[in-house]
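# Tertiary structure, described
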Amino acid sequence: MAKPEPAELVRLVEAFPGASPEANAERGSTADAAGDPERGEPTDAGDVARVDDLLDGAYGALTRNWYPELRRRVAAHADGDCLRERVLEHVEAVPSFRLSDGPTALEERRERLAEAAALRDDVREIAEWYGTLRSRLEGDRASLTRGERLLHDLGYALAHVLFLGASSPRAVVRRLRLAYRTVGVRIDETASEGGADRTTFTCPYRNLAAGRCGERWVCHEKLDRVDDGYVSYLAERGIAYRRPRGCTDSERCHSTVARDGPARWWPRTPPAAVDADP
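Since this is a predicted model, take the numbers as computed values, not measurements. (Residues numbered from 1 in each chain as written. Predicted model: local features only at pLDDT ≥ 70, side-chain atom pairs only at ≥ 80, totals over all residues. Heavy atoms only, no water.)

This part is about the packing of helix α4 (residues 58-78) against helix α5 (residues 84-92). Between α4 and α5, the shortest axis-to-axis distance is 9 Å and the interhelical angle comes to 170°. Compared by their axis directions, α4 and α5 come out roughly antiparallel. In this structure, α4 contributes Trp 66, Glu 69, Leu 70, Arg 73, Val 74 and His 77 to the contact, and α5 contributes Arg 84, Arg 86, Val 87, Glu 89, His 90 and Val 91. (Axes fitted to C-alpha atoms, helices over the stretch in contact; angles between N-to-C directions. Helix = DSSP H or I, 4+ residues; strand = E, 2+ residues; numbered from the N terminus. Parallel < 35°, antiparallel > 145°, perpendicular 65-115°, else oblique. Contact = heavy atoms within 4.5 Å.)

As structure tokens, then:
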């Protein structure tokens, strides 16, 4: 199993710095200790509400809904009942607060993020924690086992041949579809939306060794490391390849390819990074 080990992932998730539902309940009984609203002093609960308002509800949706489901999936992953891919899929679906429209900075929204970060330290801390969580789950080369590093490096080496001369997302996706078909993958649907090319397909390896390792385990936990090599190669060239996702409850998976633009959003973009922008 690729690192992080499930127990390490559980510890990382439990270190969530935001206002968890349990913490919110505790704040409800001790809010007066943080301030006196009758004297114009803010309460912790009041700061939470203000931050949530500044971030268009993203803070509350993240702490009240997204985080408890993350804990559930990570616990299931630790018990062997949930693939890492399912955890990563949920991590990628985090409620977010948009800070730019493509390359165009949304100054008013950036000011609101700065105000929220001034009210609560965990606005910054959540972004830092989220970055660590993504890096652990996405399986950068240093976090893989020796066998998985070999698969990653194989994918990275193959990418130099597969994507030679392909400098646009459309050219890259054509090469990917060719590679899928070459290894027996059936392309079911193709679509282009919002600057991203999406490929939906059926993989013949989804139940390989399912009786011993579990459904889709070999396909996603191991063979997808080759796709990770593609991700690394394409990222260096400004192309965002979102490798196969979404086949937990279906025989079909999908992947997307798009230009890796400078769009920014919290929590993926920490307040400090916005402050450093020219």
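Moving on from the model shown.
Within the structure shown, the criterion is met by ten aromatic pairs. Between Phe 16 and Tyr 67, the ring centres sit 4.1 Å apart and the planes meet at 20°, which makes this aromatic pair stacked. Of this pair, Phe 16 sits in the loop between α1 (6-14) and α2 (21-30) while Tyr 67 sits in helix α4; the two residues are 51 residues apart in sequence, bridging distant segments of the chain. Taken individually, Phe 16 and Tyr 67 each receive the classification buried, so the pair is uniform in this respect. Seen from their ring centres, Phe 163 and Tyr 230 are 5.6 Å apart, and the 90° between their planes marks the pair as edge-to-face. Taken together, the residues Phe 163 in the loop between α8 (146-162) and α9 (169-182) and Tyr 230 in helix α11 (residues 217-235) connect sequence positions 67 residues apart. On the basis of relative accessible area, Phe 163 is assigned to the buried category, the value being 2%. Accessibility expressed as a relative area gives 10% for Tyr 230, which makes it buried. Through a chain of ring-to-ring contacts, three or more aromatic side chains come together here, namely Phe 16, Trp 66, Tyr 67, Trp 129, Tyr 130 and Trp 265. One cation-aromatic arrangement involves Arg 237 over Tyr 233; the distance from NZ or CZ to the ring centre is 3.7 Å. (Phe/Tyr/Trp six-rings, centres within 6.5 Å; stacked < 30°, edge-to-face > 60°. Buried < 20%, exposed > 50% of the residue type's maximum accessible area, 1.4 Å probe, protein only. Lys NZ or Arg CZ within 6 Å of the ring centre and 35° of its normal.)

To continue, consider the environment of Ala 171. Here Ala 171 lies in helix α9. Between the C-alpha atom of Ala 171 and that of Val 257, which follows or precedes it by 86 residues, the distance is 9.8 Å.

A few words now on the nonpolar core. Counting 36 residues, the largest nonpolar core has Leu 55, Trp 66, Leu 70, Trp 129, Leu 133 and Trp 266 as its most contacted members. Of all the elements in the fold, those that place two or more residues in this core are α1, α3 (44-54), α4, α5, α6 (107-119) and α7 (122-137). When residues of this core are assigned to their parent elements, the largest contribution, eight residues, is made by α4. Apart from residues lying up to four places away in sequence, Trp 129 is in contact with Leu 12, Val 13, Ala 15, Phe 16, Pro 17, Trp 66, Tyr 67 and Leu 70. In this structure, Ala 171, Val 172, Tyr 180 and Cys 203 belong to the second largest nonpolar core, which totals 23 residues. (Core = buried A, V, L, I, M, F, W, Y, C linked by side-chain atoms within 4.5 Å.)

Considering every residue of the protein chain, the mean pLDDT works out to 81; 79% of them sit at 70 or more. Segment residues 25-42 is flagged for pLDDT under 50; beyond a separation of four residues in sequence, or across chains, it makes 13 contacts in the model. (pLDDT = per-residue confidence, 0-100.)

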